[in-house]
Amino acid sequence: MNPDLLLFEKSSPGRRTLRLGALDVPQPDLTRLPAGALRLAPPALPEIGELDLVRHYTRLSKKNMSIVDSFYPLGSCTMKYNPVLHEEAAALPGFTDIHPWQDAGRLQGALAILRDLERDFAEISGLPCVSLHPAAGAQGELASLLVARAYFAERGEGERTTVLIPDSAHGTNPASAAVAGMRAVTVVSAADGGVDLDDLKTKVGADTAVFMITNPSTLGLFEERIAEIADIIHDAGGLIYMDGANLNAIMGITRPGDFGADMMHINVHKTFATPHGGGGPGAGPICVTEALGPYLPLPRIVEDENRLRLSEEAPDSIGMLRGWAGNFSVLLRAWCYLRRLGPEGIRRVSENAVLNANYLRARLRERWHVPFDRLCMHEFVANTRFQREAGVHAIDVAKRLIDLGHHPPTIYFPLVVPEALMMEPTETETRETLDSFVEDMLRIADECDQTPELVKQAPTTTPVSRLDEGRAVKQPVLRFRAE
Ligand SMILES: *Cc1c(COP(=O)(O)O)cnc(C)c1O
């Protein structure tokens, strides 16, 4: 580091000033700390040269599997490749050097991007009022349920606290209902994988607040009875919430607002160009009808006299769930992605995602059991039923795929399919990549017949083989030095 930029100066005994360029930043006076709080010896940090450090992390990074190493068909998660151009745009200093608390007069460009994005999401969802505030899909679910509660409270219908959720739903749906202080009630699936309308009708009542539906569902199936479901819920005075994690199958083709949804979230990091994995970062904007708009979170982006600003003047709002108007750098990438693709490109993304999934399904269905074997959307679920006699489980197939150089698909989810292998190729993969995955899945099917032990012992090419995954989560050993 340039010594002119950063140096400690002793201006008076015990008093230090950190000089940052032209700024003098006062530092705490250490003589005022209680003696017992002062270190007697330097901290035991690793002593290591730069070269060894670089080698260490490079070695570790090579043990990772990511989308730039291999095919990553992790269903529900939408692990698609995102163009590097958006990363470059998000790294421009005009974006990275702004601060959330800066005066709005100097944030006009950033606010204009967010306002554009609100309009794009309104158009894509068919729901006119948008908040970019929530941090991820799960927080979008929570925000929307709080919006619904506020809406019902205002109408004097506070007794509506039940959230109906299909049994194929993602675990965040019932969790969000619980966090919002509501009651989750499960609706079972029919034989075709859609919502069982008879079961739904028995569970709808005067206490129904919201029906949360993922469409297409986590089985990769479009709910063909969605209009009828929306009528049943609306006739009972409830609202339809659409979990938008699978928007990448339908965007540009149909709009949730047009098939009955009153509110939805968008997983920006799944559908729109932010690399995700390892738990973040994300953004979970929500889109709602005009009637629900007043309850959206704060702050709002408002325009007066051609100036944009953030406003907290919305008396019916549910308030803030996190800082600022949203996760700016993630939303910025989504804006770039949308500008780059345009309306036609958005539709092509969905069409190619659906085509790729159906190609995989059609090529794998002879050797892998596909429980709901009909035209799928952007993902589909297979399982190991054909391999039952060999005693091979979904986890064994997943581990064997690692040996063959692919990231495993999502396994054991959705819960309604035993031994589930949930595959989502995404629109960014080539025919050649899909073919190589198919060849290896067919090879594993042969191995299950001929040498099942090989599959059950996989992986054999990794630094460690099978871990006690439960214990690794509950008792992680995170230290730099062997004891
Ligand atoms: C990913 C996902 C969620 C949760 O979204 P996050 O952005 O990870 O919080 C909810 N529902 C479905 C169907 C999902 O796939």
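Fair warning: this is a prediction, and the values are worked out from it, not measured in the lab. The numbering scheme is per chain: residues are counted from 1 as the chain's sequence reads. Local features in this predicted model are restricted to residues of pLDDT 70 or higher, and side-chain atom pairs are both shown and tallied only at a pLDDT of 80 or more, whereas totals for entire chains, interfaces and linings draw on every residue. Computation of side-chain values covers all heavy atoms of the structure but excludes hydrogens and water.

## Structural notes on the overall build of the protein
Piece 1. Scanning the protein from terminus to terminus reveals 14 helices and 15 strands.
Piece 2. Each principal axis of the C-alpha distribution contributes one length, and for the protein these read about 80 × 60 × 45 Å.
Piece 3. Note on classification: 1.4 Å probe, protein chains only; a residue is buried when its accessible area is under 20% of the maximum for its type, exposed when over 50%, partly exposed between these limits. Here the protein, with 483 residues, has 47% of them falling under the buried criterion.
Piece 4. The contacts in the protein between residues at least 6 apart in sequence include a share of 66% that link residues at least 24 apart.
Piece 5. If you sum the accessible surface of the protein, you get close to 24100 Å²; carbon and sulfur atoms cover 55% of it. Numbering of helices and strands runs from the N terminus, with a helix taken as a DSSP run of H or I at least four residues long and a strand as a DSSP run of E at least two residues long. In what follows, residue pairs with any heavy atoms lying within 4.5 Å of each other are defined as contacts. Computed with a 1.4 Å probe, the accessible areas rest on the Shrake-Rupley method; for each residue, only the protein chains presented here act as cover.

## Regarding the sheet that holds strand 7 (residues 208-214)
Piece 1. For two strands to pair, DSSP has to find at least two bridges joining them. The mixed open sheet is built from seven strands, whose spatial order is 4-10-9-8-7-5-6. Single-partner strands in this sheet number two, and they are strand 4 (129-131) and strand 6 (183-187). Sheet twist, expressed as the average angle between the axes of neighbouring strands with direction ignored, equals 20°.
Piece 2. Sheet topology places strand 8 (residues 239-243) next to strand 9 (residues 263-265); three bridges connect them, and they run parallel. Of the residues in strand 9, the one forming a bridge with Tyr-241 is Met-263.
Piece 3. Note on definitions: angles span 0 to 180 degrees between N-to-C directions of axes, and those axes are lines fitted to C-alpha atoms, for helices only across the stretch in contact. Across the sheet, helix 6 (residues 172-179) lies against strand 5 (162-166), strand 6, strand 7 and strand 8, angled at about 175° from strand 5, the strand it touches most.

## As for the site of the ligand
Piece 1. Within the structure, the ligand sits among 13 residues, and Ser-76, Gly-137, Asp-243, His-269 and Lys-270 are positioned closest to it.
Piece 2. For the ligand, an oxygen atom lies 2.8 Å from a polar atom in the backbone of Ala-138.
Piece 3. Residue His-269 places a side-chain N or O atom 2.7 Å away from an oxygen atom belonging to the ligand.
Piece 4. Coverage of the ligand by the protein amounts to 87% of the 380 Å² it exposes when considered alone.
Piece 5. Looking at the shell around the ligand, the elements with two or more residues in it are helix 5 (137-154) and helix 9 (268-271).
Piece 6. In terms of residue count, the dominant contributor to the shell around the ligand is helix 5 (three residues).
Piece 7. Taken together, the residues of the shell around the ligand break down into three nonpolar, seven polar and three charged. We call a residue near a molecule or strand when any one of its heavy atoms sits within 4 Å of it. Think of a polar contact as two N or O atoms within 3.5 Å of one another; within protein, one of them needs to be a possible hydrogen donor and the other a possible acceptor, and neighboring residues in sequence only count if both atoms come from side chains. Only Asp, Glu, Lys and Arg are considered charged, only Ala, Val, Leu, Ile, Met, Phe, Trp, Tyr, Cys and Pro nonpolar, and every remaining residue, Gly among them, polar.

## Examining helix 11 (residues 394-403)
Piece 1. Within helix 11, eight of the ten residues are buried, leaving the element largely enclosed by the surrounding structure.
Piece 2. Of the positions making up helix 11, those classed as buried are Ala-394, Asp-396, Val-397, Ala-398, Lys-399, Arg-400, Leu-401 and Asp-403.
Piece 3. Two residues or fewer past helix 11, Gly-405 is found with a positive phi of approximately 90°.

## Digging into the environment of Ile-444
Piece 1. For Ile-444, the location among the structural elements is in helix 12 (residues 431-450).
Piece 2. For Ile-444, a relative accessible area of 0% gives the class buried.
Piece 3. For Ile-444, the contacting residues outside a window of four places in its chain are Trp-368, Val-397, Arg-400, Leu-401, Leu-404 and Val-455.

## Notes on a nonpolar patch on the surface
Piece 1. Residues enter a patch when their relative accessible area is above 30% and they make no salt bridge; the linking distance is 9 Å between like charges and 5 Å between nonpolar side chains (Val, Leu, Ile, Met, Phe, Trp, Tyr). One side-chain nitrogen of Lys or Arg within 4 Å of one carboxyl oxygen of Asp or Glu is enough to make a salt bridge. Taken together, the side chains of Ile-48, Leu-53, Tyr-57 and Leu-60 present a nonpolar region at the surface, about 380 Å² in accessible area.
Piece 2. You can see Tyr-57 is positioned in helix 1 (residues 50-63).

## As for the packing of aromatic side chains
Piece 1. In this scheme Phe, Tyr and Trp rings, the latter by its six-membered ring, pair at centre separations within 6.5 Å, and the angle between planes marks the pair as stacked below 30 degrees, edge-to-face above 60, and tilted otherwise. Scanning the entire structure with this criterion turns up eight aromatic pairs.
Piece 2. Measuring from centroid to centroid gives 4.9 Å for Phe-71 and Phe-437, while their planes differ by 65°, and the two rings are edge-to-face. Pair noted here: Phe-71 is in the loop between helix 1 and helix 2 (84-90) and Phe-437 is in helix 12, with a separation of 366 residues, a long-range link. Neither Phe-71 nor Phe-437 differs from the other in exposure class; each is buried.
Piece 3. Look at Tyr-151 and Phe-152: their rings are 5.2 Å apart centre to centre, the planes differ by 65°, and that puts the pair in the edge-to-face class.
Piece 4. Looking at Tyr-151, the relative accessible area reads 13%, which means it is buried.

## Details of the environment of Pro-216
Piece 1. Here Pro-216 lies in the loop between strand 7 and helix 8 (226-235).
Piece 2. The spacing of Pro-216 and Leu-298 is 82 residues in sequence and 30 Å in space, taken between C-alpha atoms.
Piece 3. Once residues lying within four places of it in the same chain are set aside, the contact partners of Pro-216 are Leu-221, Phe-222, Asn-246, Ala-249, Ile-250, Met-377 and His-378.

## Brief notes about the pairing of strand 13 (residues 380-383)
Piece 1. Going residue by residue along strand 13, you find Phe-380 and Ala-382 tucked away on one face and Val-381 and Asn-383 tucked away on the opposite face as well.
Piece 2. Bridge count for strand 13 against strand 15 (residues 420-423) is four bridges, and the pairing is antiparallel. Looking at the pairing, Phe-380 lines up with Met-423 of strand 15.

## Quick word on the pairing of strand 6
Piece 1. Judged from the five bridges that link them, strand 5 and strand 6 form a sheet pairing that is parallel. Each residue of the ladder has a partner; that of Leu-164, found in strand 6, is Val-185.

## With respect to the sheet that holds strand 13
Piece 1. If you walk across this open sheet you meet the three strands as 13-15-14, and the pairing is antiparallel. Here the strands that pair on one side only, and so sit at the sheet edges, are strand 13 and strand 14 (410-411).

## So, the nonpolar core
Piece 1. Only buried residues count toward a nonpolar core. Its members are Ala, Val, Leu, Ile, Met, Phe, Trp, Tyr and Cys residues joined through side-chain atoms within 4.5 Å. With 59 residues, the main nonpolar core has Phe-121, Leu-200, Phe-211, Ile-229, Val-268 and Phe-272 as its most contacted residues.
Piece 2. Of all the elements, helix 10 (residues 328-364) adds the most residues to this core, at eleven residues.
Piece 3. If near-sequence neighbours (up to four positions away) are discounted, Val-268 is found in contact with Phe-121, Ala-273, Thr-274, Ala-283, Pro-285, Val-330, Leu-331 and Ala-334.

## Side note on the packing of helix 4 (residues 108-125) against helix 10
Piece 1. Following both chains from N to C, one finds helix 4 and helix 10 inclined at 60°, their axes separated by 10 Å at the closest point. The orientation of helix 4 relative to helix 10 falls into the category oblique. The handedness of the crossing between helix 4 and helix 10 is left-handed. Every residue of helix 10 that contacts helix 4 at Ala-110, Ile-113, Leu-114, Asp-116, Leu-117, Asp-120, Phe-121 and Ile-124 is listed here: Phe-328, Leu-331, Leu-332, Ala-334, Trp-335, Leu-338 and Arg-339.
Piece 2. Split by residue class, the contact of helix 4 with helix 10 holds twelve nonpolar, no polar and three charged. Roughly parallel means an angle under 35 degrees; roughly antiparallel means over 145; roughly perpendicular covers 65 to 115; every other angle is labelled oblique. Two helices cross in a left-handed way if the nearer one is turned anticlockwise from the farther one by less than a right angle. They cross in a right-handed way if the turn is clockwise.

## Describing the pattern of salt bridges
Piece 1. Across all of its chains, the model carries 31 salt bridges by this definition.
Piece 2. Linking Arg-115 and Glu-303 is a salt bridge whose minimum nitrogen-to-oxygen distance equals 2.7 Å. Of this pair, Arg-115 sits in helix 4 while Glu-303 sits in strand 11 (residues 300-304), and the two are 188 residues apart along the sequence.
Piece 3. Arg-115 sits in the buried class, given a relative accessible area of 17%.
Piece 4. Exposure remark for Glu-303: the relative accessible area of 42% places this residue in the partly exposed category.
Piece 5. Two residues, Glu-447 and Arg-443, come together in a salt bridge whose shortest N-O distance is 3.1 Å. Taken together, the residues Glu-447 and Arg-443, both in helix 12 and four residues apart, mark about one turn of the helix.
Piece 6. Here Glu-447 falls in the buried class, since its relative accessible area comes to 8%.
Piece 7. Owing to a relative accessible area of 39%, Arg-443 belongs among the partly exposed residues under this scheme.

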